[in-house]
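# Summary of structural features
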Amino acid sequence: MSIPLPPAKRYLARRVIVDGQVKGLSLVELDGDRIVVTPFAGETHSTVLVDGTLIVDSQTGRVYME
């Protein structure tokens, strides 16, 4: 079951799974057709905190919480 995310361009998640690869605390940015995942380095304005796991499917461009 996937949980809908609030609309945003940037999410900070405690755990991110990108195409099966597990990452720790990371920033997920939705930039047009691109999804950029980077390790958390500092707070960024207008970022939605996801206290859980975000799943990123780069093939479909889908980002969801499970």
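Residues numbered from 1 in each chain as written. Predicted model: local features only at pLDDT ≥ 70, side-chain atom pairs only at ≥ 80, totals over all residues. Heavy atoms only, no water.

Let us look at the nonpolar core. Among the nonpolar cores identified, the biggest contains 10 residues, and these are Tyr11, Ala13, Val16, Val18, Val28, Val50, Leu54, Val56, Val63 and Met65. Considering each element in turn, this core owes the most residues, 4 residues, to strand 1 (residues 10–18). Ignoring anything within four residues of it in the chain, the contact list for valine 28 reads Lys9, Arg10, Tyr11, Val16, Ile35, Val36, Val37, Leu54 and Val56. (Core = buried A, V, L, I, M, F, W, Y, C linked by side-chain atoms within 4.5 Å. Buried < 20%, exposed > 50% of the residue type's maximum accessible area, 1.4 Å probe, protein only. Helix = DSSP H or I, 4+ residues; strand = E, 2+ residues; numbered from the N terminus. Contact = heavy atoms within 4.5 Å.)

The next subject is the pattern of salt bridges. Within the structure shown, the criterion is met by 3 salt bridges. A salt bridge links glutamate 29 to arginine 10, with the nearest nitrogen and oxygen atoms 3.7 Å apart. Here the residue glutamate 29 occupies a position in strand 3 (residues 26–31), and arginine 10 occupies one in strand 1, the gap between them amounting to 19 residues. As a salt-bridge pair, arginine 14 and aspartate 51 come within 2.4 Å of each other at their nearest N and O atoms. Of the two residues, arginine 14 is situated in strand 1 and aspartate 51 in strand 5 (residues 48–57); the sequence distance between them amounts to 37 residues. With respect to burial, arginine 14 and aspartate 51 carry one shared label: exposed. (Salt bridge = Lys/Arg side-chain N within 4 Å of Asp/Glu carboxyl O.)

With respect to the element layout, valine 48 can be found in strand 5. Valine 48 gets classed as partly exposed once you look at its relative accessible area, which sits at 23%. In this view, valine 48 contacts Pro6, Ala8, Arg10, Tyr11 and Leu12; residues no more than four positions away in its chain are not counted.

We now examine the packing of aromatic side chains. Within the structure shown, the criterion is met by 0 aromatic pairs. The side chain of arginine 62 reaches across the aromatic face of tyrosine 64, ending 3.9 Å from its centre. (Phe/Tyr/Trp six-rings, centres within 6.5 Å; stacked < 30°, edge-to-face > 60°. Lys NZ or Arg CZ within 6 Å of the ring centre and 35° of its normal.)

With that settled, the discussion passes to the side chain of serine 26. With respect to the helices and strands, serine 26 occurs in strand 3. For serine 26, the side chain forms a polar contact with the main-chain oxygen of glycine 24, separated by 2.8 Å. The residues touching serine 26, leaving out its near neighbours within four places in the chain, are Tyr11, Leu12, Ala13, Val16, Val37, Thr38, Pro39 and Phe40. (Polar contact = N/O pair within 3.5 Å; in protein donor to acceptor, adjacent residues only side chain to side chain.)

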